[in-house]
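Okay, here's what each chain looks like letter by letter:
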Amino acid sequence: MTGLVVAMDGPSGSGKSSASRGVARALGLRYLDTGAMYRAVTWWMLEQSVDLADPQAIAARALDPVLTMGTDPDAPAVAVGGVDAAGPIRTSEVTAAVSAVSAVPEVRRRLVAEQREIIGVGGIVVEGRDIGTVVVPGAPVKIYLTASAEARALRRTAELVGTTVDVQKAAMARRDTLDSTRKIDPLAMAADAIELDTTALNLEEVIAEVLRVIKEKA
Ligand code: C5P
């Protein structure tokens, strides 16, 4: 399936990661988690004590962290400067800070270029917020996953320890607002994307639906 690029966009908790990995596995494709790249840069900046309230300070270091992304859907590795960062990028600290970093044009320019390089000739499922609109506007298959705020918060709460649905709902609403109102490459559905509401679907059903769309479009 060289050439095939499946763009999977949507807000946090819409089920993008599990669905993207499942689809990649089912079709023997590679998988790229672009959110992990923004998280990795954010984690590195927190480690370096960059002032994340200052967009210029973020821009000045945007090119410094060296990222290595794995594309195996069974083990999507991410390393920064050769150090495994798969665990640290998922902390609540990074989650709370990532939207400030991802809104900085210098960071986006750099990561979009790296994403296009990894995507190369295709054969890949790519998940993010701007894949169908900015990173690969010519992707043959574009899916925009949504789900109700309640369902998204319930899913996220089940994945984490020591949190509540209300806390998660508020955190996700804040992040989605920041991501969809930023000036550069905001979270948005491409005009030619297929919207899939996953509120009432389980993972197998979401994967089956995406596979059906791929068969139809690709
Ligand atoms: O998908 P995930 O929740 O891990 O993404 C973390 C953050 O990275 C998002 O909240 C958003 O700020 C940023 N992001 C982005 N563009 C992408 C993917 C993620 O701005 N393509």
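The structure displayed is predicted, hence computed values, not measured ones.

Asks: What's the story with the pairing of strand S6 (residues 124-128) in this structure? I'm lost.
Replies: As a general feature of sheets, a regular strand has side chains that alternate between the two faces. Burial analysis of S6 places 5 of its 5 residues in the buried class, the great majority of the element. Neither face of S6 is open: one carries Ile124, Val126 and Gly128, the other Val125 and Glu127, and all of them are buried. Both strand S1 (residues 5-9) and S6 contribute to a ladder of 5 bridges, which runs parallel. Within S6, the position partnered with Val5 by the bridge is Ile124.

Asks: Just checking my understanding: could you explain the pattern of salt bridges for this structure?
Replies: Side-chain pairs of opposite charge can arise where the charged atoms are in close proximity. Within the structure shown, the criterion is met by 14 salt bridges. Put simply, Arg108 and Asp185 hold a salt bridge, and the shortest N to O gap is 3.6 Å. Of this pair, Arg108 sits in helix H5 (residues 105-119) while Asp185 sits in the loop between helix H8 (165-181) and strand S8 (194-197), and the two are 77 residues apart along the sequence. For the pair Arg108 and Asp185, a shared accessibility class is recorded, and that class is buried. Ionic pairing is found between Lys142 and Asp192, a salt bridge with its closest N-O pair at 3.0 Å. Note that Lys142 is positioned in strand S7 (residues 141-146) and Asp192 in the loop between H8 and S8, a separation of 50 residues in sequence. Through salt bridges with shared partners, a single network forms among Arg108, Asp130 and Asp185.

Asks: Just checking my understanding: could you explain the UniProt feature "binding site: ATP" (unreviewed entry) in the chain for this structure?
Replies: Look at the UniProt record and you will see "binding site: ATP" (unreviewed entry) annotated at Gly10, Pro11, Ser12, Gly13, Ser14, Gly15, Lys16, Ser17 and Ser18. With respect to the secondary-structure elements, Pro11 resides in the loop between S1 and helix H1 (16-27). Using a relative accessible area of 10% as the deciding quantity, one classes Pro11 as buried. When neighbours within four sequence positions are excluded, Pro11 is seen to be in contact with Lys16, Arg129, Tyr144, Leu145, Arg152, Asp176 and Leu187. Inspection of the secondary structure puts Lys16 in helix H1. A residue is classified by how much of its surface remains accessible, and Lys16, at 6% relative accessible area, is buried. Each residue touching Lys16, except ones within four places of it in the same chain, is listed here: Met8, Asp9, Gly10, Pro11, Glu127, Gly128, Arg129 and Leu145. At a separation of 3.0 Å, a polar atom in the side chain of Lys16 contacts the main-chain carbonyl oxygen of Gly10.

Asks: Any chance you could explain H1 here in plain terms?
Replies: In an α-helix, one full turn covers 3.6 residues, which means residues spaced three or four apart are oriented alike. Relative to the 16 Å expected for 12 residues at 1.5 Å per residue, H1 spans 16 Å between its end C-alpha atoms, a close match to the ideal helical length. The inward-facing, buried residues of H1 abut S1, strand S2 (30-33), S6, S7 and helix H9 (203-217). Backbone geometry just downstream of H1 places Gly28 in the positive-phi region, at approximately 70°.

Asks: How should the packing of H1 against H9 be read in this particular structure?
Replies: For any two helices packed against each other, one specifies the crossing angle of their axes together with the interaxial distance. In the contact formed by H1 and H9, the axes pass within 9 Å of each other and the chain directions differ by 55°. The pairing of H1 with H9 is recorded here as oblique in orientation. Like other packed secondary-structure pairs, H1 and H9 cross with a definite hand, here right-handed. In contact with Ser18, Ala19, Gly22, Val23, Ala26 and Leu27 of H1, H9 contributes Leu203, Val206, Ile207, Val210, Leu211 and Ile214. Of the residues in the contact of H1 with H9, the class split is 10 nonpolar, 2 polar and no charged.

Asks: What is the right way to look at the site of the ligand in this model?
Replies: The immediate surroundings of the ligand are formed by 15 residues, with Arg39, Ser102, Arg108, Arg175 and Asp179 found nearest. Thr34 places a polar side-chain atom, nitrogen or oxygen, 3.1 Å from a nitrogen atom of the ligand. The separation between an oxygen atom of the ligand and a polar side-chain atom of Arg129 is 2.9 Å. For the ligand, the accessible surface in isolation is 460 Å², of which the surrounding protein chains cover 97%. Among the secondary structure elements, those contributing two or more residues to the shell around the ligand are helix H2 (34-47), helix H4 (92-102) and H8. At 4 residues, H2 tops the list of elements feeding residues into the shell around the ligand. When its residues are assigned to classes, the shell around the ligand shows 2 nonpolar, 5 polar and 8 charged.

Calculation notes
- Starting afresh in each chain, residues are numbered from 1 along the sequence in its written order.
- Since the coordinates come from a predicted model, pLDDT governs what is reported: local features require at least 70, and pairs of side-chain atoms require 80 or more to be given and counted, while whole-chain, interface and lining totals use all residues.
- Calculated side-chain values reflect all of the structure's heavy atoms, with hydrogen atoms and water omitted.
- When a residue's accessible area, from a 1.4 Å probe over protein chains only, is under 20% of the maximum for its type it is buried; when over 50% it is exposed; and in between it is partly exposed.
- Secondary structure elements follow DSSP: runs of H or I no shorter than four residues count as helices, runs of E no shorter than two count as strands, and numbering proceeds from the N terminus.
- We treat two strands as partners when DSSP finds at least two bridges between them.
- A side-chain nitrogen of Lys or Arg and a carboxyl oxygen of Asp or Glu constitute a salt bridge if their distance falls within 4 Å.
- UniProt positions are given in the numbering used here, feature names are shortened, and annotations may be inferred rather than shown by experiment.
- Should any heavy atoms of two residues lie within 4.5 Å, those residues are counted as being in contact.
- By the criterion applied in these results, polar contacts are pairs of N or O atoms within 3.5 Å in which, for protein atoms, one can donate a hydrogen and the other can accept it, and in which residues neighboring in sequence qualify only through two side-chain atoms.
- For a helix, the expected span equals 1.5 Å multiplied by the residue count minus one.
- Interaxial angles span 0 to 180 degrees and are taken between N-to-C directions of axes, which are lines fitted to C-alpha atoms, for helices over the stretch in contact.
- These descriptions rest on fixed angle ranges, namely under 35 degrees for roughly parallel, over 145 for roughly antiparallel, 65 to 115 for roughly perpendicular, and the rest for oblique.
- Should the near helix be turned counterclockwise from the far one by less than a right angle, the crossing is left-handed, whereas a clockwise turn marks it as right-handed.
- Residues are grouped as follows: Ala, Val, Leu, Ile, Met, Phe, Trp, Tyr, Cys and Pro are nonpolar; Asp, Glu, Lys and Arg are charged; all remaining types, including Gly, are polar.
- Neighbouring residues are identified by heavy atoms, a residue being near a molecule or strand if any of them is within 4 Å of it.
- Using the Shrake-Rupley algorithm and a 1.4 Å probe, accessible areas are obtained, with residue cover drawn only from the displayed protein chains.

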